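# Summary of the model geometry
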Amino acid sequence: MTLWQKFSVLNKRTKGVIYSGILVSLYAISGFFILPLIIKPLVIDTVTEKLERQAQLEAVEFNPFTLSISLKGFNINGKHTDKLLGFDLLTLNLQAFPLLQKTISFDEIIINKPEVSVLILANGEFNFQDIILKNTAPESEADSEKSNDPAWILSINKFRHNEGIINFSDQNREIAYHHIIKEINVALDNFSTKAGDNNMHHVKAKTSQGTELNWHGKFSLSPLKSSGDISFVSPLQVVSDYLQKRILFNITEGVFKLDSHYDIDFSGKQPQFIINNLIASISALEIRRSQDNKKMITSDELTLDLEQLSSSDKKIVINSISNTGSFIAVNRDKSSQFDIEKLFILQQLNQSISPDEPEGETEVSTASSTDINATAKHNDNKHENWGLEIKAINIGNNNIVINDSSVVPVAIHNVLIKSLTVEHLKPFTNESALLSSIIGLNAQGIIKVKGAIKPESKQLSLALDTEQISLKDFQPYINAIANMKILNGELATNLLIDIDAAKATPLLDIKGDVKVSSLNVIETTLNEEFLSWEDLTLNDMQFSYPAQSLALSAININEPFLRLVINEGSTTNIQQLMKVEQTNESDLETKNSKSEVNNEDSSAEQRFTADINEINITNGKLDFSDSSLTPKFSAGIYSLNGDITGLSSNEDSRAKIDLKGKVDKYAPVIIKGAINPLSHDAFTDIDMLFKGIELTTFTPYSGKFAGYAIDKGKLSLGLNYKLSNNKLVAENNVTLDQLTLGDVVNSEEATS
């Protein structure tokens, strides 16, 4: 009996089983073996045709019973790179029955080691830009009608993206930049586009340079919402590595960290977002100048602690901004420009910058004040509905070194911000913020600041106390204008400063005391002591601007000294103090024109007024010498004590002088009278009485003009000088006692 005859005698149930087995076998054979052979070339040809890039696929596996398909070894060659896109394995496990409910449901999607290359070409285009342009078509009417159909739902029970890689390269620069983002892992569970469904996600990524991203949370697509936590860590070297010659510095060290929770909701008319508990920090920062590789900025720790940023409440609350252990090196060049101004400006590559001012800038500069005010008001309105609160700003142990090459020798200033605290700062309100700081200047100087700020009204009130500010540290600035050198001297202040910048002309009020101690100045032309005092104090100073008024209750000078020298050319050392600036004719004409303009402007402004209640001089000394004589002559006024009271710039005021001293330590001198040197028309009425001056000290004068030396005698001299309305009237009363002339002195100028 043949096989067919045996099959014919079987009952229907047995035949059904056999038929079913055959169908299942054919289905399995088709799914496991035939269908992969069809799919593989179909995928390769379709991708190659659509993308115009050769596609490769090692193998296709299909399980007809689980509806699971796997693509292995898939690659798309790039036109400019070996690989545009590829992966080791892609597994899709489709569920059939949900298709009846217009739901595309995957039990799982797994993609292992996906790799994509993103390349910016030398012309600025992307390596995949032609693909997008070719395959992007305008929406047709048919597509528009289809879009009105009920949307299909996408559901994925399990999605895993394992060890992904992104190769980034930018060739649109002088030196090509390459960067690899690797170990990209994405996990989604129970993902659905169904309205109201929350999808859990977890994203991890890491770059070849150490940048790490960790993002986990939940989101829904309808309505579009997301909430979660983000953690981001990156070395800051990637910034300078990418920008290269567009910046003039290199970030050689530094790590940026960010941790935050967020909530985003796009379901309403206006997107709503909240950022909570954000901590951002930069640690171990080091920035060097590209030109000489010298350190420019370092910082141990810079931290931002953001409590909340809420779009619904329009509120930003910052718990603290802190910075510790920073170092900043600032260079000022010979043209008085600070290098830090240029270092952080992105340089324009392949573009020359004309020194001439562009027309556009001219138009902006000539804009009316109305337009400028309107723009400023518009910008203010942007902040009107938002509230910003910074609870605390804390800065400590920050060192700023300023190298000023605009003067000779180079001036070096070391500023140490020991502490700087700002509390309860609300920039868009008028609530007072408290400010306090302690600053060290050049090793010994101390600056203490304490006060309050009212941001909206632009008011600032400060108590400024300084101690031991060394004046000789500012000697390089004096070298350019005067032939003097400060050997010693310290500045101290105790001031209250009020600033109101809300008005068109800011208001400035300064009250307090200023003290200069242990001053010692030499004249560099003769290398001799020129000016000194033990203490000079300005008591109860009150200065106001724009009122331009200065009031002092007293100027107290203790042990002042002044050397007055007449040189061989009959000029004084005071005349030679100021250096004469060398100017050519064109510069002189420019200065003259500017001076005329300034004079016109100053005449329209309020005149400066000054009132000094008294000037007290204690134990003063004047050293006088005349080098134009042979032999040289010198004399001095010692133990000068007294006061000048009622000094004022008012035209009718008269200050009284009452000074007493000794000439050459023995002969008394009395100076009395009235002066007004601060008024527009200076007034002077002074009586000077010298008693019993030893005449032998005047031998150089008697020898030069009389032809005889003085052996004996005393001089009493009464002088009166009156200056009013630019007219000088002098009266002298001379008394000689026991004058005895000595030997003849040869002099061409002696009277016959």
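Details of the structure are given in the entry above.
Residues numbered from 1 in each chain as written. Predicted model: local features only at pLDDT ≥ 70, side-chain atom pairs only at ≥ 80, totals over all residues. Heavy atoms only, no water.

## Things to note about the overall build of the chain
Just so we agree on the cut-off: Starting at the N terminus, helices and strands are each numbered in turn, a helix being any DSSP run of H or I of at least four residues and a strand any DSSP run of E of at least two. Think of it in three bands: residues with accessible area under 20% of the maximum for their type are buried, residues over 50% are exposed, and the middle band is partly exposed, with areas taken using a 1.4 Å probe on protein chains only.
When helices and strands are counted, the chain shows 11 helices and 32 strands. By residue count, 32% of the 752 residues in the chain fall in the buried class.

## Remarks on the packing of aromatic side chains
Test applied: In this scheme Phe, Tyr and Trp rings, the latter by its six-membered ring, pair at centre separations within 6.5 Å, and the angle between planes marks the pair as stacked below 30 degrees, edge-to-face above 60, and tilted otherwise.
In this structure the tally under the stated criterion is 6 aromatic pairs. Taking the centre distance of 6.0 Å and the plane angle of 50° together, the rings of F32 and F65 count as tilted. Note that F32 is positioned in helix α2 (residues 12-51) and F65 in the loop between β1 (55-63) and β2 (68-76), a separation of 33 residues in sequence. Relative accessible area serves as the criterion here: at 36%, F32 is assigned to the partly exposed category.

## Points about a nonpolar patch on the surface
Quick reminder of the rule: Exposure above 30% relative accessible area and the lack of any salt bridge qualify a residue for a patch; like charges then connect within 9 Å, and the nonpolar side chains Val, Leu, Ile, Met, Phe, Trp and Tyr within 5 Å. Using a 1.4 Å probe, the Shrake-Rupley method yields the accessible areas, and only the shown protein chains count as cover for residues. Should a side-chain nitrogen of Lys or Arg be within 4 Å of a carboxyl oxygen of Asp or Glu, the pair is scored as a salt bridge.
A surface patch of nonpolar side chains, about 780 Å² in accessible area, is lined by V24, Y27, I29, F32, F33, I34, I38 and F65. Here Y27 lies in helix α2.

## Digging into the pairing of strand β14 (residues 315-332)
Applied cut-off: Whether two strands pair comes down to DSSP finding at least two bridges between them.
For strand β13 (residues 295-310) and β14, the ladder comprises 12 bridges, and the chain directions are antiparallel. Note that in β14 the partner of D305 across the bridge is S320. Between β13 and the antiparallel strand that follows it, β14, lie 4 residues; K314 among them carries a positive phi value of about 50°. Relative to strand β15 (residues 387-404), β14 runs parallel, the two sharing 14 bridges. Pairing of I321 across the sheet is with I393, part of β15.

## A word on the side chain of Q475
Selection rule: Whether two residues touch is decided by their heavy atoms; if any such pair falls within 4.5 Å, the residues are in contact.
In this structure, Q475 sits in helix α9 (residues 475-479). With relative accessibility at 8%, the residue Q475 sits in the buried group. In this view, Q475 contacts M484, K485 and I486; residues no more than four positions away in its chain are not counted.

## Let's talk about the pattern of salt bridges
Side-chain pairs of opposite charge can arise where the charged atoms are in close proximity. The full count for this structure, using the stated rule, is 15 salt bridges. Note that K79 is salt-bridged to D130, the shortest N-O span being 3.4 Å. Within this pair, whereas K79 is found in the loop between β2 and β3 (85-95), its partner D130 is found in helix α3 (residues 129-135), the two being separated by 51 residues in sequence. On the accessibility criterion, D130 (29% relative accessible area) is partly exposed. In this structure, K426 and E431 form a salt bridge, with 3.3 Å as the shortest nitrogen-oxygen distance. Put simply, R53, K79 and D130 are held in one network by salt bridges that share partners.

## Some remarks on unusual backbone geometry
At the junction of V408 and P409, the peptide bond is cis and its omega measures out at -5° in the coordinates. Turning to its location among the elements, P409 is positioned in the loop between β15 and β16 (411-425). A cis amide bond links Y545 to the next residue, P546, at an omega of 10°. Positionally, P546 belongs in the loop between β22 (528-545) and β23 (549-552). The phi dihedral of Q548 falls on the positive side, at around 55°, and the residue is not glycine. Relative to the helices and strands, Q548 is located in the loop between β22 and β23. Unlike most non-glycine residues, E559 shows phi in positive territory, near 55°. Counting through the fold element by element, E559 comes out in the loop between β24 (554-558) and β25 (561-566). According to the relative accessible area criterion, E559 is partly exposed, its value standing at 39%.

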